[in-house]
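Next come the chains, spelled out residue by residue.
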Amino acid sequence: MSATISNLPLTQLSEDETIFRDQVRQFAEERVRPLVSQMDRDAHIPRTLIDACFELGIMGIEIPEKHSGAGAPFFMSVLAVEELARVDASVAVLVDVQNTLVNNAILRWGTADQQARYFPKLATEWVGAYALSEAASGSDAFALSTRATLEGDTYRLNGRKLWITNGAEAGLFVLHATVDPAKGYKGITTFLVERSFPGFSVGKKENKLGIRASSTCELLLEDCRVPRANVLGEPGKGYKIAIETLNEGRIGIGAQMIGLTAGSLEHGIAYAKERQAFGQPIAKFQGLQFQIAQCATELEAARLMVYNAARLRDSGQPFLVEAAMAKLFSSDVAERVTSQVIEIYGGYGYSKDFPAEKYWRDAKIGKIYEGTSNMQLATIAKALLGK
Ligand SMILES: Cc1cc2nc3c(=O)[nH]c(=O)nc-3n(C[C@H](O)[C@H](O)[C@H](O)COP(=O)(O)OP(=O)(O)OC[C@H]3O[C@@H](n4cnc5c(N)ncnc54)[C@H](O)[C@@H]3O)c2cc1C
């Protein structure tokens, strides 16, 4: 009997993927690492570093080459986000939102005109943001109340968005509003809103526990005028765009979680080899060795899940459940491992003079944004049990 078997290990990277991964790793070490503490303290990513991300080509990974992007697969975004998060989870999420939510949505639903107008900017200078959540609608996203009313060839938008990543820096917002609240989720419509559109402004920036350098902002829409030509997809079909984009975005958050877990664990291992207690490095104690081995095992499992979800997505196969599981599990691992690494550092782990505490603060968001852990469980359970 002859059988076709796939002999490719899940974590095996192609030559192109390896070169790209190494480039981003070098960038993260040389350009991002020296700024990490200051960015966390200032709650700000310098524009020069964002410009460097554009120059490296990691802000338009899937954008076609004819629009100045890299024309690369989704998996490359996962590698970029993972490598950046190993050093800094805030820079990682800036790049993640740009690629897995904003560019992705425009790639899938944008008209040729919208792609020609926005892709060259998104690949070279404009940061993008993805605005769904409001004060009263997070998990229950389609209860949003931002209202869009058509007047001639222009929509007039009124409402407020909350918690919008990249809000402080973004030039373009993929923003969801309802054209008819009576229609429920079937009224949700997605708009491409430029920062300079009349009636649009960015409000308060949140003062956060972790990913402090990543901006999280309120958006104000006061009779904001958006051309009809800036509806993404069809009116009333925004719910589909939101659901499907976030399904893919979750893989990116998984990548952020495995990257920061790896970064944290590397620090923990280095410290354990260096710190002396009872006349020897603490890494010599089996108690610590087992803890480190457990952390590394959980990280490996999480990475396999994230990579598998991304590979499924790139090969056009269903990935909804795998993406939800990958985010659920990798965010759990990230919280557990980063907490363990603080303990490996002992008292120093509790100090801001050492890197351990920041990884732990940064890890917490993985269980909250792009669908809380409960919402991932709901997605997985629905797939297993039906509605
Ligand atoms: C730093 C940060 C960045 C963010 N970036 C963005 C962004 O760029 N764009 C954007 O649109 N949003 C963004 N968000 C918003 C984020 O997606 C929401 O906070 C998240 O979806 C949870 O919504 P909520 O805060 O309203 O919590 P709620 O929905 O009020 O949830 C509160 C609790 O109730 C639980 N819960 C709710 N409903 C159920 C249910 N049916 N079954 C079981 N448990 C349930 C939740 O799991 C959670 O534990 C960001 C948030 C943060 C903190």
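Residues numbered from 1 in each chain as written. Predicted model: local features only at pLDDT ≥ 70, side-chain atom pairs only at ≥ 80, totals over all residues. Heavy atoms only, no water.

J.: Before we go on, may I ask you to explain the site of the ligand in this structure?
T.: Surveying the vicinity of the ligand reveals 18 residues, the closest of which are Ser-133, Ser-139, Trp-163, Thr-165 and Thr-372. The contact in question runs from a nitrogen atom of the ligand to an N or O atom on the backbone of Trp-163, over 2.7 Å. Asn-374 places a polar side-chain atom, nitrogen or oxygen, 3.0 Å from a nitrogen atom of the ligand. Contact with the protein chains removes 63% of the 980 Å² of surface that the ligand exposes when unbound. (Near = heavy atom within 4 Å. Polar contact = N/O pair within 3.5 Å; in protein donor to acceptor, adjacent residues only side chain to side chain. Areas by Shrake-Rupley, 256 points an atom, 1.4 Å probe, with all protein chains shown as cover.)

J.: Before we go on, may I ask you to explain the packing of helix 7 (residues 238-274) against helix 9 (residues 320-344) in this structure?
T.: Helix-helix packing is described using two parameters, namely the angle between the two axes and the distance between the axes. Packing of helix 7 against helix 9 leaves a shortest axis separation of 8 Å and a crossing angle of 20 degrees. Our classification of the angle between helix 7 and helix 9 gives roughly parallel. The handedness of the crossing between helix 7 and helix 9 is left-handed. Grouping the constituent residues of the contact of helix 7 with helix 9 by class yields 15 nonpolar, eight polar and two charged. (Axes fitted to C-alpha atoms, helices over the stretch in contact; angles between N-to-C directions. Helix = DSSP H or I, 4+ residues; strand = E, 2+ residues; numbered from the N terminus. Parallel < 35°, antiparallel > 145°, perpendicular 65-115°, else oblique. Left-handed = near helix turned anticlockwise from the far one by under 90°. Nonpolar A, V, L, I, M, F, W, Y, C, P; charged D, E, K, R; others polar.)

J.: It is not clear to me how helix 7 should be interpreted in this structure. Could you clarify?
T.: Each α-helix turn comprises 3.6 residues. Residues three or four places apart therefore point the same way. Between its terminal C-alpha atoms helix 7 stretches 53 Å, which fits the 54 Å expected from 37 residues at 1.5 Å a residue. Maximum bend of helix 7: about 25 degrees, positioned at Asn-247. For helix 7, a buried count of 28 out of 37 residues is recorded, marking the element as mostly surrounded by other parts of the structure. (Expected span 1.5 Å × (residues − 1). Bend = angle between axes of the 7 residues up to and from the residue. Buried < 20%, exposed > 50% of the residue type's maximum accessible area, 1.4 Å probe, protein only.)

J.: What should I look at first to understand the environment of Phe-74 in this one?
T.: Locating Phe-74 in the fold gives a position in helix 4 (residues 74-87). For Phe-74, a relative accessible area of 0% gives the class buried. Sequence separation between Phe-74 and Ser-145 is 71 residues, and the spatial gap between their C-alpha atoms is 32 Å. Setting aside residues up to four positions removed in sequence, Phe-74 forms contacts with Glu-62, Thr-100, Glu-248, Ile-251, Ala-310, Arg-313 and Asp-314. (Contact = heavy atoms within 4.5 Å.)

J.: Which parts of the structure should I look at to understand the packing of aromatic side chains?
T.: Aromatic rings in a pair are described by how distant their centres are and how their planes are angled relative to each other. Going through the model one piece at a time under the given rule, you end up with nine aromatic pairs. Relative to Tyr-239, the ring of Tyr-185 has its centre 4.7 Å away and its plane inclined at 80 degrees; by these criteria the two rings are edge-to-face. With Tyr-185 in the loop between strand 4 (170-178) and strand 5 (188-194) and Tyr-239 in helix 7, the pair connects residues that are 54 residues apart, well separated along the chain. Relative to Tyr-345, the ring of Tyr-271 has its centre 4.2 Å away and its plane inclined at 15 degrees; by these criteria the two rings are stacked. Pair noted here: Tyr-271 is in helix 7 and Tyr-345 is in the loop between helix 9 and helix 10 (356-363), with a separation of 74 residues, a long-range link. For the pair Tyr-271 and Tyr-345, one class covers both residues: buried. Here a set of aromatic residues connected by ring pairs shows up, and it is made of Tyr-271, Tyr-345, Tyr-348 and Phe-354. Over the aromatic face of Trp-126 sits the side chain of Lys-121, whose NZ or CZ is 5.2 Å from the ring centroid. Sitting over the ring of Phe-75, Arg-311 keeps its end group 3.7 Å from the ring centre. (Phe/Tyr/Trp six-rings, centres within 6.5 Å; stacked < 30°, edge-to-face > 60°. Lys NZ or Arg CZ within 6 Å of the ring centre and 35° of its normal.)

J.: What is the right way to read the pattern of salt bridges from this model?
T.: If the charged atoms of two oppositely charged side chains come close together, the side chains can form a pair. Enumeration over the complete set of coordinates arrives at 33 salt bridges. Residues Arg-313 and Asp-314 are paired through a salt bridge, measuring 3.4 Å at the closest nitrogen-oxygen approach. Using a relative accessible area of 34% as the deciding quantity, one classes Asp-314 as partly exposed. Between Glu-357 and Arg-361 there is a salt bridge; the shortest N-O distance is 2.7 Å. Taken together, the residues Glu-357 and Arg-361, both in helix 10 and four residues apart, mark about one turn of the helix. What makes Arg-361 buried here is its relative accessible area of 8%. If you follow the salt bridges from partner to partner, you end up with Glu-62, Arg-108, Lys-240, Glu-244, Glu-248, Arg-313 and Asp-314 in one network. (Salt bridge = Lys/Arg side-chain N within 4 Å of Asp/Glu carboxyl O.)

J.: Would you mind going over the environment of Met-305 with me for this structure?
T.: Inspection of the secondary structure assignment puts Met-305 in helix 8 (residues 286-314). Classification of Met-305 by relative accessible area gives partly exposed; the value is 26%. If we skip the residues at most four places from it in the chain, Met-305 touches Met-325, Ala-326 and Phe-329.

J.: In this structure, what is going on with unusual backbone geometry? I would like to understand it.
T.: Leaving glycine aside, a negative phi is the common case for residues, and trans is the common case for peptide bonds. Notably, Trp-163 is not glycine yet its phi reads approximately 70 degrees, a positive angle. Mapped onto the secondary structure, Trp-163 falls in strand 3 (residues 154-165).

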